[in-house]
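# Tertiary structure, described
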Amino acid sequence: MVTSGDLPGLDLPNLDTHSELGALGAVELGHPVQDIDGDGRLDTVTTNGDRAMHVWTDLDHDGYADHVTLVDQGGDYAAWEFRHHSDGTTEWVRTDAGRLGS
Ligand SMILES: [Ca+2]
Ligand SMILES: [Ca+2]
């Protein structure tokens, strides 16, 4: 079970690079503030949790995050993608993990 963290103004889960997101479900991204792919539409929120920095991205602009990248203070990172399956279920799938600079 992932609990919400103390992220001011944002109701985003407080994760770290070792968190299991599989059953987390859709994460609402109400107010993106950055345009990470340069198409002129805001799509990304960067937050700092207790143990890691989070970069949440909603590239299809449906209001829910499609990707999150977690980076902790030691440089470990994990990247997750929110997948919609043809049977209507959804899950977060880890697409990458490792250590920055190695
Ligand atoms: Ca964009
Ligand atoms: Ca989305």
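Just above sits the structure.
To keep things clear, this report deals only with the structure shown in the data block. (Residues numbered from 1 in each chain as written. Chains lettered and ligands numbered in written order. Predicted model: local features only at pLDDT ≥ 70, side-chain atom pairs only at ≥ 80, totals over all residues.)

### Things to note about the overall build of the protein chain
Within the protein chain, the regular secondary structure consists of zero helices and five strands. Starting at the N terminus, the α and β elements of the protein chain follow one another as β-β-β-β-β. Classification of the 102 residues of the protein chain by burial places 22% in the buried group. Partitioning the intrachain contacts of the protein chain with sequence separation of at least 6 by distance along the chain shows that 34% fall at a separation of at least 24. (Helix = DSSP H or I, 4+ residues; strand = E, 2+ residues; numbered from the N terminus. Buried ≥ 20, exposed ≤ 12 C-beta atoms within 10 Å, placed from the backbone. Contact = placed C-beta atoms within 7 Å.)

### Overview of the nonpolar core
Val27, Leu29, Trp56, Ala65, Val68, Leu70 and Trp80 are the most contacted members of the largest nonpolar core, which has 15 residues in total. Contributing elements (two or more residues each) for this core: strand 2 (52-57), strand 3 (67-72) and strand 4 (76-84). At three residues, strand 4 tops the list of elements feeding residues into this core. What Val68 contacts, discounting residues up to four positions off in sequence, is His54, Val55, Trp56 and Trp80. (Core = buried A, V, L, I, M, F, W, Y, C linked by C-beta atoms within 7 Å.)

### Some thoughts on the sheet that holds strand 2
Strand pairing in a sheet relies on backbone hydrogen bonds. The paired strands run either parallel or antiparallel. The five strands lie next to each other as 1-2-3-4-5, forming an open sheet whose pairing is antiparallel. The two strands at the open ends of the sheet, each matched to only one other strand, are strand 1 (44-48) and strand 5 (90-99). Ignoring strand direction, the axes of neighbouring strands in this sheet form an average angle of 15°. Taken together, the five bridges between strand 1 and strand 2 define a ladder with antiparallel strand orientation. Counted as the bridge partner of Thr44 is Thr57 from strand 2. (Pairing = 2+ DSSP bridges. Axes fitted to C-alpha atoms, helices over the stretch in contact; angles between N-to-C directions.)

### Observations regarding the environment of Gly63
If you trace the backbone, Gly63 turns up in the loop between strand 2 and strand 3. Separated by 37 residues in sequence, Gly63 and Ala26 place their C-alpha atoms 9.7 Å apart. Filtering out sequence-adjacent residues up to four positions away, Gly63 remains in contact with Glu28, Leu29, Gly30 and Asp58.

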